[in-house]
Amino acid sequence: QKEVEQDPGPLSVPEGAIVSLNCTYSNSAFQYFMWYRQYSRKGPELLMYTYSSGNKEDGRFTAQVDKSSKYISLFIRDSQPSDSATYLCAIRDKIIFGKGTRLHILP
Amino acid sequence: EAQVTQNPRYLITVTGKKLTVTCSQNMNHEYMSWYRQDPGLGLRQIYYSMNVEVTDKGDVPEGYKVSRKEKRNFPLILESPSPNQTSLYFCASSPGAGVGEKLFFGSGTQLSVL
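As a starting point, this report considers the structure included with it.

## Things to note about the packing of aromatic side chains
For the coordinates displayed, the defined rule picks out 12 aromatic pairs over all chains. Judged by centre distance (5.7 Å) and plane angle (85 degrees), the ring pair of A:Tyr36 and B:Phe105 falls under edge-to-face. With A:Tyr36 in strand β4 (residues 32-38) and B:Phe105 in strand β10 (residues 104-105), the pair connects residues from two separate chains. Of the residues examined, A:Tyr36 reaches a relative accessible area of 0% and is grouped as buried. A ring pair is formed by B:Tyr64 and B:Tyr89, whose centres lie 5.9 Å apart and whose planes are at 65 degrees; its orientation type is edge-to-face. Of the two residues, B:Tyr64 sits in the loop between β6 (54-57) and β7 (65-66) while B:Tyr89 sits in strand β9 (residues 87-94), which places them 25 residues apart along the sequence. When its relative accessible area of 5% is taken as the criterion, B:Tyr64 is described as buried.

Okay, structure coming up:
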């Protein structure tokens, strides 16, 4: 089983919708979980990170970790066309990236 | 402005011709790393460096070399490039290698090996 699994998409949603992006991971010892956003032809940039279980909110973005099921999520409320990008989950114990989900917000 | 700078942004070369992709950061970061990004495979770590003169292999080091003679620079060297090294390359740095450290990425180098 791969250490981090992420559906590559693409995922297309209408503007204003709530977006849910997800990853699963295999090692229950992982503690730090991150979401990076990558615009086309740019390097990834850190969007959010969480430690252990629970939720973290930043504006329209919420990161959620469920350690019991080894599942991490990123929710985007009131999605905007500017949110169209590839979103990569990452585990920072060694740092392992998911393959990224391409998201398209349709105006 | 705090940043990670890679050069060149685009590079087309031929098999076997040695090349170097430069990476420089102006944030006094100790940790630096190189990744390649390929469709369907995501970001994979090539090499990383915890500090000056300290480098180690990542997940896909074959065919690459690195050096860290100064804190700010971490060049990636392809001694004899091959077509399977055609990829998008990213350099990244962080203050340290601790688990909570934020990685800063460069803008990428698109390499094509013919």
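## What to know about the nonpolar core
Residues and elements named next belong to chain A. Membership of the largest hydrophobic core comes to 24 residues, with the highest contact counts inside it found for Trp-35, Ile-72, Leu-74 and Tyr-87. Listing elements by their share of this core, those giving two or more residues are β3 (19-25), β4, β5 (45-51), β7 (61-66), β8 (71-76), β9 (85-91) and β11 (101-106). Sequence-distant contacts of Tyr-87, defined by excluding residues within four places in its chain, comprise Gln-6, Leu-21, Trp-35, Tyr-36, Arg-37, Leu-47, Leu-74, Ile-76, Gly-100, Thr-101 and Leu-103.

## Examining the sheet that holds strand β6 (residues 54-58) of chain A
Residue and element names in this part refer to chain A. If you trace the five strands from one edge of the open sheet to the other, you get β1-β3-β8-β7-β6, paired in antiparallel fashion. Edge positions in the open sheet fall to β1 (4-6) and β6, since each of these has one partner strand only. Within the sheet, the average angular offset between the axes of one strand and its neighbour, ignoring direction, is 15 degrees. By the bridge criterion, five bridges tie β6 to β7 in an arrangement that is antiparallel. Note on β7: the bridge partner recorded for Lys-56 is Ala-63.

## Some remarks on the pairing of β9(A)
Residues and elements named next belong to chain A. Of all seven residues in β9, seven are buried; the element is thus mostly enclosed. On β9, burial covers both faces: Ala-85, Tyr-87, Cys-89 and Ile-91 on one face and Thr-86, Leu-88 and Ala-90 on the other are all buried. Of the strand pairs in this sheet, β4 and β9 are connected by six bridges, and their pairing is antiparallel. The residue bridging Gln-38 from the neighbouring strand is Thr-86, located in β9. Bridge count between β9 and β11: three bridges; the pairing is antiparallel. Along β11, the bridge assignment pairs Tyr-87 with Thr-101. Two strands pair when backbone bridges link them, and β9 and strand β10 (residues 96-97) are joined in this way by two bridges, in the antiparallel orientation. Pairing of Ile-91 across the sheet is with Ile-96, part of β10.

## Section: the environment of A:Asn27
Residue and element names in this part refer to chain A. By the secondary structure assignment, Asn-27 is in the loop between β3 and β4. Asn-27 sits 64 residues away from Ile-91 along the chain, and the two C-alpha atoms are 10.0 Å apart. Looking at Asn-27, its side chain comes within polar contact range of the main-chain nitrogen of Ala-29, at 2.8 Å.

## Some words on unusual backbone geometry
In this structure, A:Pro10 follows A:Gly9 across a cis peptide bond, with omega equal to 10 degrees. Assignment of secondary structure puts A:Pro10 in the loop between β1 and β2 (11-14). The backbone of A:Arg41 shows a phi angle near 65 degrees, a positive value even though the residue is not glycine. By the secondary structure assignment, A:Arg41 is in the loop between β4 and β5. Accessibility expressed as a relative area gives 64% for A:Arg41, which makes it exposed. Even without a glycine there, the phi angle at B:Asn28 is positive, about 60 degrees.

Calculation rules
Residues numbered from 1 in each chain as written. Chains lettered and ligands numbered in written order. Predicted model: local features only at pLDDT ≥ 70, side-chain atom pairs only at ≥ 80, totals over all residues. Heavy atoms only, no water. Phe/Tyr/Trp six-rings, centres within 6.5 Å; stacked < 30°, edge-to-face > 60°. Helix = DSSP H or I, 4+ residues; strand = E, 2+ residues; numbered from the N terminus. Buried < 20%, exposed > 50% of the residue type's maximum accessible area, 1.4 Å probe, protein only. Core = buried A, V, L, I, M, F, W, Y, C linked by side-chain atoms within 4.5 Å. Contact = heavy atoms within 4.5 Å. Pairing = 2+ DSSP bridges. Axes fitted to C-alpha atoms, helices over the stretch in contact; angles between N-to-C directions. Polar contact = N/O pair within 3.5 Å; in protein donor to acceptor, adjacent residues only side chain to side chain.

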